[in-house]
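So the chains spell out like this:
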Amino acid sequence: MMKLPSSTPVSFMTLLSLLALVFIQVSDAIQVSHDDRAITINGQRQIILAGAIHYPRSTPEMWPDLIKKAKEGGLNTIETYVFWNAHEPARRQYDFSGNNDLIRYLKTIQSEGLYTILRIGPYVCAEWNYGGFPVWLHNMPGVELRTANDVFMNEMQNFTTLIVDMVKTEKLFASQGGNIILSQIENEYGNVWDSYGDAGKAYIDWCANMAVSQNIGVPWIMCQQPGPPAPMLEACNGWYCDQYKPKKAGTPKLWTENWTGWFQNWGAPSPKRTAEDLAFAVARFFQTGGTLNNYYMYHGGTNFGRTAGGPYIITTYDYDAPLDEYGNPKQPKWGHLKQLHNVLFSIENTLTYGNITDNDLGNGVVTTVFATNETSSCFISNRNETSDATVAYQGNQYHVPAWSVSILPDCKTEEYNSAKINTQTSVMVNKPNDAEEQPASLKWQWRPERAADAIRLGKGDYTASEILDQKAVAHDASDYLWYITNLDLAESDLVWGPNMSLRVNETGHILHVFVNGKYQASEWATYGEENYVYEKAVKLRPGKNLISLLSVTIGFKNYGPMYDLTKAGIAGPVEIVSKIGSDETVIKDLSAHNWTYKIGLYGMKNELYSTTSRSADKWSTDNLPTNRKLTWYKTTFKAPLGHEVVTLDLQGMGKGEAWVNGHSLGRYWPSFIADESLCSADPCDYRGSYSGSKCVYNCGKPSQRYYHVPRSFLRDDENTLVLFEEFGGNPGQANFQTIVVGIACGSAYENKTLELSCNVKPISGIKYAGYGDPQGTCGAFEDGACKGKKDALSIIENVSTQPNTALTLT
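A quick note: this is a predicted structure, and the numbers were derived from the prediction, not measured.

It is worth spelling out the state of the cysteines at this point. Summed over all chains, the structure comprises five disulfides. Disulfide pairing places Cys 378 opposite Cys 411 at an S-S distance of 1.9 Å. Taking the sign of the torsion about the S-S bond as the criterion, the disulfide between Cys 378 and Cys 411, at about 95°, is right-handed. You can see Cys 378 sitting in strand S14 (residues 376-382) and its partner Cys 411 sitting in the loop between strand S17 (404-408) and strand S18 (416-417), a full 33 residues away along the chain. Residue Cys 378 shares its accessibility class with Cys 411, and that shared class is buried. Shown here is the disulfide that connects Cys 679 with Cys 699, its sulfur atoms set 1.9 Å apart. Between Cys 679 and Cys 699 the sulfur-sulfur dihedral comes to about 85°; the bridge is accordingly right-handed. Here Cys 679, found in the loop between strand S34 (663-668) and strand S35 (706-709), pairs with Cys 699, found in the loop between S34 and S35; they are 20 residues apart in sequence, far enough to count as distant.

Below you can see the structure in the form of structure tokens.
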């Protein structure tokens, strides 16, 4: 057993971590239970502050740092989904390597002394391709997904049992002495189950029975499933869950997904949820009897490869989370929440054991007292969106800004207010690659995508006399599927004429059209459109004509009732339309023709992105083309010096996929510009309910310009970058950069301490300091109407020693 010297001061968070480590070391069974006030672990009621960090959206090398930062940020639990399509990409063929090494990830969490919530699902949504279901499941005969269907349920049980048995073998459930305290079956089914009728209700009952039969020894949860079958626990998802009340008596108030921001789609601006509003939501949740708060996401990470779903979800899954896509603390959100967590843990005993007394003072102001025989703790919340409140309580007055919560651990002194940020704001900047002069130093090679088989010869992999769904043909092996047919057209045909057009009913992703070996046009939809009709003039010749349609998916749909039935690719019909005169139209339907299907692209099948590709020597350095469709580009580069996060700037490119040393960075599409009309010139106001369209920014700019390059993808010597360009772009602008703290600033309140740092880098100078009511934003502060008599800047400069890595103000 571990022993601490009697003189050692131990905080609750430290003690919790040490206890968890002790449990892990001796492998004693940990009893996990619940009542309506708390999760109880080994007889001790606890509040749970968790954060979602998805293992496939980062790399194993990143996991220890991410988990340490989550722990430092005041979390005692990490939550993750389990991704079925990542682990079983082909039926009964499993992958738990690299980013998919679930057990390694769980043990990394365990090694930090943190608990785990394992959300097996296996439907996860998560803006992940097809909601986490493998597409081979969709193609099984007789299958119906997420309903009482034997084919589906057999496969779901097989995968769930596989995961449970792996975890049991490693003794990772708390009942075995591990750190997994909760597990989840299904996900957000309550949002859609009315569409499935009685079969949906039967399915949920089956899910509960199947989960219980796994005998894991810890509680199971079903989020967004009001009144689930016993003994499942229900939970809330959303931006606010303070008003949520479980339907079943004796059930703790659980918040499975506190959305820290929102996801982003191609063509949309970047979402932002303020630190003040997020902290307000958490504080209100615990004021109203909350037990478990899980940030979704605490670290969002990156949709590497083709994992982004939607469709049209972009490659970054930053989610405006407290740890940004790269793992850097997003300040002030990370620090502001850390302070909140510390205060909540300091009053954990009163929150979980105290008697609760609420007092509604009107105008949105409510006081709540949690009182035990020994002590009491108080919350004062002001839900008014515009009016600050002055609250008189026990002989003292407290100023509570609109849309904020004050926490008084002893019911006397305000230790925290959600609207008063007393932590630094970090402005991150992109720094050029200091290892070489880019982009000038990058020497590019190129080669065309070999598409002659499809656009000139009509050759493919499969033939059918109908138009097939892309999921049924390509099985998610590629974004790309050629639909090819021959049209034998006589001049005597009724459709023949001078005004012919080709009409294609598409499902909303991308379509490139070639006729008789020549490119015609491209078309695509915007986020949310599930169908559109391509129709453009076409020149056909008498006799044989070859029509080659390249359909491109941007991730399969991941959410909604019966979302799996949404078609992908060309839905049909495909028609030749001829307008004769002013009032007559003749249509020739090609849907029942013989269609040849060719899956994927030559370059991807032959792994041109790989450093060991057999075709690696067939690149050209002559006449480098730009703005050329279906083109491969390759260059070598030196890794940026140091340890800062590396990104690839792809400004100037169209759309495609990028690889570094054979590792896919994901889809890129910097030519898709965010709608300028979606942003407001008004400053972001944290007050009032948040939604995904509030406080957005970067309108009129690429939805995503920079792409994460994990350091583990890089080599010390020469590195290779390969781009597949689908639309046409200029690789000459591409370059690698690092991300660093450019400016750190903040406001320190009286009797509070503020520390400013540049992520262990030296502070190069202090640009502004003021006492009173400075105005402006970080990087552009100026004195307000009230300021101190002495020059604050010179005072701080005199007491600071250069070069500092941190500056502390009290």
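Moving on, we come to the sheet that holds strand S25 (residues 518-524). Working definition: the strands of a sheet are paired by backbone hydrogen bonds and lie parallel or antiparallel to each other. Read from one edge to the other, the open sheet built from six strands follows the order S21-S30-S22-S27-S24-S25, with strand pairing classed as antiparallel. Looking at the sheet topology across the chains shown, the edges are occupied by strand S21 (462-464) and S25. Between one strand and the next, the sheet's axes are offset by a mean angle of 20°, whatever the strand orientation.

Let us now look at the packing of helix H2 (residues 63-72) against helix H4 (residues 102-111). The geometry of H2 relative to H4 is characterised by a closest axis approach of 10 Å and an angle of 35° between their N-to-C directions. In the packing of H2 onto H4, the handedness of the crossing is right-handed. Between H2 and H4, the residues in contact are Trp 63, Pro 64 and Ile 67 and Arg 104, Tyr 105, Thr 108 and Ile 109, respectively. Residues of the contact of H2 with H4, tallied by class, amount to five nonpolar, one polar and one charged.

Assigned domains of the chain: these are domain 1 (49-323), domain 2 (332-419), domain 3 (427-448 + 605-670 + 705-740), domain 4 (452-600) and domain 5 (746-809). Here domain 3 and domain 4 have C-alpha centroids that lie 32 Å from each other. Across the boundary between the two partners, domain 3 contributes nine residues, which contact 16 residues of domain 4. Roughly 970 Å² is buried in total at the junction of domain 3 and domain 4, and carbon and sulfur atoms are behind 63% of that figure. On the surface where domain 3 and domain 4 come into contact, there are two salt bridges. Of the charged contacts in the structure, one is a salt bridge between Lys 605 and Asp 461, with a shortest N-O distance of 3.5 Å. Inspection of the domain 3/domain 4 interface yields four residue pairs in polar contact (both at pLDDT 80 or more). Looking at the side of domain 3 that touches domain 4, its residues break down into four nonpolar, no polar and five charged.

Let us now look at the packing of aromatic side chains. Applying the stated criterion across every chain yields a total of 50 aromatic pairs. On the basis of an interplanar angle of 45° and a centroid distance of 6.3 Å, the ring pair of Tyr 462 and Tyr 597 is categorised as tilted. Of the two residues, Tyr 462 is situated in strand S21 and Tyr 597 in strand S30 (residues 595-599); the sequence distance between them amounts to 135 residues. Ring plane angle 65° and centroid distance 6.2 Å describe the contact between Trp 524 and Trp 669, whose orientation is recorded as edge-to-face. Placement of the pair is Trp 524 in strand S25 and Trp 669 in the loop between S34 and S35, with a sequence separation of 145 residues. Here the guanidinium or amino end of Arg 57 rests over the ring plane of Tyr 317, the centre of that ring lying 3.6 Å away.

With 20 residues, helix H6 (residues 150-169) extends 28 Å between its outermost C-alpha atoms, agreeing within 8% with the 28 Å of an ideal straight helix rising 1.5 Å per residue. Taken together, the buried positions of H6 are occupied by Phe 152, Met 153, Glu 155, Met 156, Phe 159, Thr 160, Ile 163, Val 164 and Val 167. Seen from one end, H6 has its buried residues packed into an arc of 165°, which puts them on one side. Seen from the buried face of H6, the exposed residues on the opposite side, beyond 90 degrees, are Asp 150, Asn 154 and Thr 169. By the N-cap criterion, in which a side-chain oxygen at the helix start approaches the backbone nitrogen of a residue two or three places on, H6 is capped by Asn 149, the distance to Val 151 being 3.2 Å. A positive phi of about 55° marks Lys 171, the residue just after H6.

The rules we used
- Residues numbered from 1 in each chain as written.
- Predicted model: local features only at pLDDT ≥ 70, side-chain atom pairs only at ≥ 80, totals over all residues.
- Heavy atoms only, no water.
- Disulfide = S-S within 2.5 Å.
- Helix = DSSP H or I, 4+ residues; strand = E, 2+ residues; numbered from the N terminus.
- Buried < 20%, exposed > 50% of the residue type's maximum accessible area, 1.4 Å probe, protein only.
- Pairing = 2+ DSSP bridges.
- Axes fitted to C-alpha atoms, helices over the stretch in contact; angles between N-to-C directions.
- Left-handed = near helix turned anticlockwise from the far one by under 90°.
- Contact = heavy atoms within 4.5 Å.
- Nonpolar A, V, L, I, M, F, W, Y, C, P; charged D, E, K, R; others polar.
- Domains from an automatic or database assignment.
- Buried area = accessible area lost by both parts, 1.4 Å probe.
- Salt bridge = Lys/Arg side-chain N within 4 Å of Asp/Glu carboxyl O.
- Polar contact = N/O pair within 3.5 Å; in protein donor to acceptor, adjacent residues only side chain to side chain.
- Phe/Tyr/Trp six-rings, centres within 6.5 Å; stacked < 30°, edge-to-face > 60°.
- Lys NZ or Arg CZ within 6 Å of the ring centre and 35° of its normal.
- Expected span 1.5 Å × (residues − 1).
- Arc of directions from axis to C-beta.

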